[in-house]
Structure formats: C-alpha cells, structure tokens
Amino acid sequence: MAGTRLDPIDRKILAELQADGRMTNVELAKRVGISAPPCLRRVRTLEEAGYIRGYHADVDARELGFEVQVFAMVGLASQAEVDLTAFEDRCRAWPLVRECHMLNGEVDFILKCAAPDLSSFQRFLTGELLTTPNVASVKTSLVIRGAKDEPGVPFDVLEERLSNSA
C-alpha cells in the first residue's frame, strides 16, 4: 500500500506541512517530537523523493478580481494517446485553466477555470477551447459557491488504514 514506506514521523511531517507550509523547522520539529536537525534532513529527503512537490500560498481568487469559476467537461473526438497528450499540453498553456483532469466515463476531461468575468471566460471558450483540434464537445457549469476546498490528502484516513492493516 502506498504510504507504508514512510514511518509515522515522516507522515506526521507531511501532515503538518500540508496544514501549514510556512512554519519554521523548529516549530515543525516540536510538533512531530524530534529535534530540528533530523527534522530538516527528513524534510529534505521527503522533497527529494517527491512526496513534497512544492510550497504555495492559498490566494483568494475573488479578492484578486477573478469573480468567475467554471468547470468545463470536454469530450474529444479521438482518445488516442497522441491526441490526449496534445490536449493536455494545450491545457497547460491556457492561463484560465487552473486544473485539468482526464476522466473515465462520459467526458474525457474536466477543466477548472478561473476568469475575471463571464465575458473573459466566453472569449476563452469560443476563441480557444471550442476551436481546439480534436475537441468534439464542451459542457460548462458555473460555480455558484464553494462548500469545501481542502488541498492534499486526508492523513487521518491514511493513518487509520495503516493501523487496520497492521
């Protein structure tokens, strides 16, 4: 099972940093119950191993003038790997597309988009997304409000699974 290669201290470090990536190494070490030097070594090892991909600020899109969030469900005409990769590459280049996930089921991709206003999103939709080669269909849903936005993974669920498998 994924996550079993990490010891409890590593998992605690990850959980603490996921909750607050700005805390000092001294504070982190205190929270996980080890001294600062080995804590820093463990964090560096977790970074090098790819468990920690980066540190980010959680900015408020609305405060920055991005009033519109839209989920776009995209169907492609072809699902050949070269076409899937080409679409993913195109999504990475579009600034309004904040997330892109390939799905199994009725649609091929779901895109999370952020735009300053509806007319900006409409220009993106009609001028970029709908004119992209291989795009066969697009259905959009405007976000009215968000009820939950938790980044990362639920470490309490991981710990419960690991304790039940032991």
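Reading guide: rules and limits
- Residues numbered from 1 in each chain as written.
- Predicted model: local features only at pLDDT ≥ 70, side-chain atom pairs only at ≥ 80, totals over all residues.
- Heavy atoms only, no water.
- Helix = DSSP H or I, 4+ residues; strand = E, 2+ residues; numbered from the N terminus.
- Buried < 20%, exposed > 50% of the residue type's maximum accessible area, 1.4 Å probe, protein only.
- Contact = heavy atoms within 4.5 Å.
- Domains from an automatic or database assignment.
- Phe/Tyr/Trp six-rings, centres within 6.5 Å; stacked < 30°, edge-to-face > 60°.
- Patch = residues over 30% accessible without salt bridge, like charges linked within 9 Å, V, L, I, M, F, W, Y side chains within 5 Å.
- Areas by Shrake-Rupley, 256 points an atom, 1.4 Å probe, with all protein chains shown as cover.
- Salt bridge = Lys/Arg side-chain N within 4 Å of Asp/Glu carboxyl O.
- Core = buried A, V, L, I, M, F, W, Y, C linked by side-chain atoms within 4.5 Å.

Asks: I keep staring at the side chain of T132 and nothing clicks. Help me out?
Replies: As for its position among the elements, T132 is in the loop between α5 (118-129) and β4 (135-142). We classify T132 as buried; its relative accessible area is 5%. T132 has contacts with F87, R90 and W94, leaving out every residue within four places of it along the chain.

Asks: Please clarify how the domain arrangement of the protein chain should be interpreted in this entry.
Replies: A common way to state how big an interface is: give the accessible area lost once the parts meet. For the protein chain, the assigned domains read domain 1 (8-57) and domain 2 (68-142). Put simply, the middle of domain 1 and the middle of domain 2, counted by C-alpha atoms, are 35 Å apart.

Asks: Is there a simple way to think about the packing of aromatic side chains in this case?
Replies: Aromatic ring pairs are reported here in terms of the distance separating the ring centres and the angle at which the planes meet. Summed over all chains, the structure comprises four aromatic pairs. Look at F87 and W94: their rings are 6.3 Å apart centre to centre, the planes differ by 75°, and that puts the pair in the edge-to-face class. Each member of the pair, F87 as well as W94, carries the same accessibility label: buried. On the numbers, 5.1 Å between centres and 80° between planes, the contact of W94 with F124 is edge-to-face. Highlighted residues: W94 in the loop between α4 (81-93) and β2 (97-102) and F124 in helix α5, separated in sequence by 30 residues. Classification of W94 as buried rests on a relative accessible area of 6%.

Asks: For this particular structure, what's the right way to read a nonpolar patch on the surface?
Replies: A contiguous nonpolar surface patch, about 290 Å² in accessible area, is contributed by V59, L64 and F66. With respect to the helices, strands and loops of the structure, V59 is situated in the loop between α3 (36-48) and β1 (68-76). Judged by its relative accessible area of 55%, V59 is exposed.

Asks: Is there a simple way to explain the nonpolar core in this structure?
Replies: Nonpolar side chains in soluble globular proteins tend to end up buried together. Among the nonpolar cores identified, the biggest contains 21 residues, and V74, F87, L111, F124 and L129 are the most heavily contacted of them. Elements represented by at least two residues in this core include exactly β1, α4, β3 (109-115), α5 and β4. Take this core: its biggest share by element is five residues, from β1. Dropping the residues within four chain positions of it, F87 is found in contact with V74, L76, W94, F109, L111, L129, T132 and V135.

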